[in-house]
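Descriptive analysis of the structure
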Amino acid sequence: MEKYNLTEILVGLFVAAGFVALFFLAMNVSNLRESSSQNGYTLKAQFENIGGLKVRSPVTISGVRVGRVQSINLDQEEYQAAVALNINAGICIPEDSIVKILTSGLLGEQYIGLEPGGMEDCLQDHDDIELTQSAVILENLISKFLFNKAEGNDQ
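Here is a short report on the structure shown in this document. (Residues numbered from 1 in each chain as written. Predicted model: local features only at pLDDT ≥ 70, side-chain atom pairs only at ≥ 80, totals over all residues. Heavy atoms only, no water.)

1. Re the overall build of the protein chain
For the protein chain, the helix and strand inventory stands at two helices and eight strands. Reading the secondary structure of the protein chain in the N-to-C direction produces α-β-β-β-β-β-β-β-β-α. Expected size for 155 residues packed as a compact globule is a radius of gyration near 15 Å; at 23 Å, the protein chain overshoots this value by more than 25%. With the C-alpha coordinates of the protein chain rotated into their principal frame, the extents come out at 80 × 50 × 30 Å. Here the protein chain holds 155 residues, and the buried ones make up 25% of them. Counting only contacts in the protein chain whose residues sit at least 6 apart along the sequence, the fraction spanning at least 24 positions is 62%. Approximately 11,000 Å² of the protein chain is accessible, and the part contributed by carbon and sulfur atoms is 57%. Treating the 10 positive side-chain charges of the protein chain as one cloud and the 20 negative ones as another, the clouds have centres 12 Å apart. (Helix = DSSP H or I, 4+ residues; strand = E, 2+ residues; numbered from the N terminus. Rg over C-alpha atoms; globule rule 2.2 N^0.38 Å. Buried < 20%, exposed > 50% of the residue type's maximum accessible area, 1.4 Å probe, protein only. Contact = heavy atoms within 4.5 Å. Areas by Shrake-Rupley, 256 points an atom, 1.4 Å probe, with all protein chains shown as cover. Lys, Arg positive; Asp, Glu negative; His and termini not counted. Charge placed at Lys NZ, Arg CZ, Asp CG, Glu CD.)

2. Quick word on the nonpolar core
Within the largest apolar cluster, 23 residues are counted, with the highest numbers of intra-cluster contacts made by Leu85 and Ile112. Residue assignment for this core shows that the elements contributing at least two residues are strand S1 (40-47), strand S2 (58-61), strand S3 (64-75), strand S4 (80-88), strand S5 (98-103) and strand S6 (110-115). Beyond its immediate stretch of four places on either side in the chain, Ile112 contacts Phe47, Leu53, Pro58, Val59, Thr60, Val69, Leu85, Val99, Lys100 and Ile101. (Core = buried A, V, L, I, M, F, W, Y, C linked by side-chain atoms within 4.5 Å.)

3. A few points about the side chain of Ser97
With respect to the helices and strands, Ser97 occurs in the loop between S4 and S5. In this structure Ser97 touches Glu115, Pro116, Gly117, Ile129 and Leu131, once residues within four positions along its chain are discounted.

4. Some points on helix H2 (residues 138-151)
Its 14 residues place the ends of H2 20 Å apart at the C-alpha level, agreeing with the 20 Å of an ideal helix rising 1.5 Å per residue. With respect to burial, H2 is a largely exposed element, only zero of its 14 residues being buried. (Expected span 1.5 Å × (residues − 1).)

5. A few points about the packing of aromatic side chains
Under the definition given, this model contains one aromatic pair. For the pair Phe23 and Phe24, a centre-to-centre distance of 5.7 Å together with 70 degrees between the ring planes defines the contact as edge-to-face. (Phe/Tyr/Trp six-rings, centres within 6.5 Å; stacked < 30°, edge-to-face > 60°.)

See the structure below:
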């Protein structure tokens, strides 16, 4: 049996510590650390177009994360995207709130932004948010701009 010198053992430990650090970094970036069944309540909203919204995208009020997107499904009766939001416990969302799909930066990831309304009554578990604004699709804006230029409408 060969003898290992101290340098080889230390290098091995250093490499193992590096792999452990990379694992924890990957877990933090992918948000897999958080349990899927968080404490809180679920709200539902329907959108005509969700763009690139994904499950686990943040739900924010004034830039502060108050929850995450729990699921995205197709409502086969209305042909709209049905989005379930998991809102942290203790957060009161007024009944007349507006939910929007926003983009962080020009080409960044999409997330849900809540604009609280003025009513004092709060939404309860499994309530629907009626006032929604779909994602702004950059390709649609560009095509509208180009078609307006082609038609000579310089508005």
